[in-house]
Amino acid sequence: MKQILLTNDDGFDAVGLKALIEALSSIAKIIVVAPAKNKSACGHSLTLDKPLRMDCLKDDFYKIDDGSPTDCVFISISNLFKEGYKPDLVISGINIGANMGEDITYSGTAAGAMEAVIHGVPAIAISQVCRDRCQDIQNNWDFELAKKTIIELVTNIFSNNFPLDERKFLNVNIPPIKADECNGIKVTKAGYREYGNDTHRHLNPRGEEFYWIGLHPLIWRESQNKDCDFEAIKANYVSITPVMLDMTSYNDIKSMENWLTK
């Protein structure tokens, strides 16, 4: 039976992770290794300044105390699989909230998939876009479309192999609609996110300053061909973006060489 390693950045008890387990348990053996608490926006961080404890909560279900999604994947691949063996697939999510455009660089969800492909394991990051700061999902969202999408993707991968080369992963975003309202799937590029500066300054009871970073609205720069992840979600499509870890700006290598000789 195929083995899928699951992680996330919302924590081991997140509703999105539970939905992912429900969706995939019938088609693969599921191993879960997730952070003990919410690690949203931790990026591709690896914990090097302290030891980490991995607690087994039940069969094939672990949490890592104060670990990041990167820690979870790194430790589990090294310790939960027999020597010479790896999971057939790593899936990170289902994240509560979008991971589109430059948010991919902040995302702990995307980082879990990044770490997997570094170790030669195909990976998917999947996120559920929210309408109202996640209240609809926390209260009554059923993840129907997300579950349907991930089952279709995993079934296709197991039947026809992973569609990308090494060190590349699939970044999936699900529109905030019911399954019967979806117009299909679009393969997209990462959009150009517009960020504000939603930082709130406060004083604690001792008069000391502290700052709270808020959530930015989903505002983006329109792409010429309307082919980015934001536009697909707006049009009620599931967005799938192939992402590679090589961030070299190849188009600029020659101009940089010329610039250095001036």
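Look above for the structure.
Here's what I pulled together on the structure shown here. (Residues numbered from 1 in each chain as written. Predicted model: local features only at pLDDT ≥ 70, side-chain atom pairs only at ≥ 80, totals over all residues. Heavy atoms only, no water.)

Some points on a nonpolar patch on the surface
Working step 1: Taken together, L46, L48 and F74 make up a surface patch of nonpolar side chains, about 310 Å² in accessible area.
Working step 2: Within the secondary structure, L46 is located in the loop between β2 (29–35) and β3 (54–58).
Working step 3: Judged by its relative accessible area of 38%, L46 is partly exposed. (Patch = residues over 30% accessible without salt bridge, like charges linked within 9 Å, V, L, I, M, F, W, Y side chains within 5 Å. Areas by Shrake-Rupley, 256 points an atom, 1.4 Å probe, with all protein chains shown as cover. Salt bridge = Lys/Arg side-chain N within 4 Å of Asp/Glu carboxyl O. Helix = DSSP H or I, 4+ residues; strand = E, 2+ residues; numbered from the N terminus. Buried < 20%, exposed > 50% of the residue type's maximum accessible area, 1.4 Å probe, protein only.)

Here we look at the packing of aromatic side chains
Working step 1: Inspection of every chain in the model, using the stated rule, returns one aromatic pair.
Working step 2: Judged by centre distance (6.0 Å) and plane angle (70°), the rings of Y106 and Y195 are edge-to-face. You can see Y106 sitting in helix α3 (residues 103–106) and its partner Y195 sitting in the loop between β9 (192–194) and β10 (199–203), a full 89 residues away along the chain.
Working step 3: Residue class for Y106 comes out partly exposed when judged on its relative accessible area of 47%.
Working step 4: Directly above the aromatic system of F158 lies the positively charged group of K2, at a separation of 5.5 Å from the ring centroid.
Working step 5: The ring of Y192 has R221 lying over it, and the distance from NZ or CZ to the ring centre is 3.7 Å. (Phe/Tyr/Trp six-rings, centres within 6.5 Å; stacked < 30°, edge-to-face > 60°. Lys NZ or Arg CZ within 6 Å of the ring centre and 35° of its normal.)

Some points on the layout of surface pockets
Working step 1: Put simply, the second largest pocket is a space of about 430 Å³.
Working step 2: For the lining of the second largest pocket, the secondary-structure elements that each account for two or more residues are α3 and β13 (238–244).
Working step 3: The greatest single-element share of the lining of the second largest pocket, amounting to four residues, is contributed by β13.
Working step 4: Classifying every residue of the lining of the second largest pocket by side-chain character gives eight nonpolar, five polar and two charged. (1 Å grid on protein atoms, 1.4 Å probe; cavity = no way out; pocket = protein on both sides within 12 Å on 5 of 7 lines; lining within 4 Å. Points joined across faces, edges and corners; volume = space filled by probe spheres on them. Nonpolar A, V, L, I, M, F, W, Y, C, P; charged D, E, K, R; others polar.)

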